[in-house]
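Spelled out, the chains give:
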Amino acid sequence: MAIATETPRRFRIGRWAALGAGAAAVAALASCGRPSLTDEKLSDKTFNLEEYFEGKTVAYGQFADRFGTVRRRFKVDITGEWDGRVLTLAEDFRYADGSTEQRIWSLTKTGENTWEGSADGVQGIAKGEESGDTFNWGYTIDLPVPGGDTMRVTFDDWMWLLEDGRLLNKAYMSRYGVTLGEVTIFFEKL
């Protein structure tokens, strides 16, 4: 008598469904634990985007993949001009591998604490909101990647005003709802 060594089809399908459900649960948990504008404020500071970024700012940052491995480091020189309604930010990136990039944002103040913006590569309108010492910014962008290509990703971008003209930025980068990694940036007013 031969012993069946192949898993019956109904069990193979069930295994795939269980794996899919497990992956969905992991993705759902991965999106938990992100900041919120309703989080308790840790300072009495008020972050005003237009005040902070008017003039010259320098930033240092890095991108870490979803496993925590740092994949790219960069420096950004930023020049901001505020005309009372629109904040224009010219960002000049210098990556550790020697490559460069420029992005120019046009940000419009749409309410007391709300913003909309655009830049080359941004799909649709970027939207942001200030609350106390915090600013949250969300957008989808065709991001240049090494080799001259682009990749469409979504950013959930958070900034917190710290002491002495310093600003901490943590951005969660995802594609098709799956977190690819995080960008951490430290800004200083010049």
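The structure under discussion appears in the preceding block.
Only a predicted model underlies this, so the values are computations on that prediction, with no experimental measurement involved. (Residues numbered from 1 in each chain as written. Predicted model: local features only at pLDDT ≥ 70, side-chain atom pairs only at ≥ 80, totals over all residues. Heavy atoms only, no water.)

Engineer: With reference to specific residues and values, describe the packing of aromatic side chains.
Structural biologist: A ring pair, where both rings are aromatic, is described by two values, the distance of the centres and the angle of the planes. In the structure shown here, the tally under the stated rule is 14 aromatic pairs. Aromatic pair F47 and F135: ring centres 6.2 Å apart, planes at 65°, arrangement edge-to-face. Taken together, the residues span a long stretch of sequence, with F47 in the loop between α1 (9-31) and α2 (49-53) and F135 in strand β7 (residues 134-145) at a distance of 88 residues. In terms of burial, F47 and F135 fall into one category: buried. Aromatic pair W82 and W115: ring centres 5.7 Å apart, planes at 55°, arrangement tilted. Of this pair, W82 sits in strand β2 (residues 70-82) while W115 is found in strand β5 (residues 114-118), placing the two residues 33 residues apart along the sequence. Members of the aromatic cluster, connected to one another through ring pairs, are F47, Y52, F53, W105, F135, W137, Y139, F155 and F187. The aromatic ring of Y95 is capped on one face by R72, whose charged end is 3.7 Å from the ring centroid. Over the aromatic face of Y52 sits the side chain of K189, whose NZ or CZ is 5.7 Å from the ring centroid. (Phe/Tyr/Trp six-rings, centres within 6.5 Å; stacked < 30°, edge-to-face > 60°. Helix = DSSP H or I, 4+ residues; strand = E, 2+ residues; numbered from the N terminus. Buried < 20%, exposed > 50% of the residue type's maximum accessible area, 1.4 Å probe, protein only. Lys NZ or Arg CZ within 6 Å of the ring centre and 35° of its normal.)

Engineer: Tell me about the nonpolar core, and name the residues and values.
Structural biologist: Grouped together as the largest cluster of nonpolar side chains are 34 residues, with contacts concentrated most on F47, F53, W105 and F155. No other element matches the five residues that β7 contributes to this core. Among all residues touching F155, those that are not within four sequence positions of it are W137, G138, Y139, I141, L143, A171, Y172, M173 and V183. (Core = buried A, V, L, I, M, F, W, Y, C linked by side-chain atoms within 4.5 Å. Contact = heavy atoms within 4.5 Å.)

Engineer: Any chance you could break down the sheet that holds β5 for me, citing the residues and the numbers?
Structural biologist: Taken in spatial order, the ten strands of this closed barrel run β1-β2-β3-β4-β5-β6-β7-β8-β9-β10, and their pairing is antiparallel. Across the sheet, the mean angle separating the axes of adjacent strands is 25° when strand polarity is ignored. Relative to strand β9 (residues 166-175), strand β8 (residues 149-161) runs antiparallel, the two being bridged by eight bridges. Looking at the pairing, L161 lines up with L167 of β9. (Pairing = 2+ DSSP bridges. Axes fitted to C-alpha atoms, helices over the stretch in contact; angles between N-to-C directions.)

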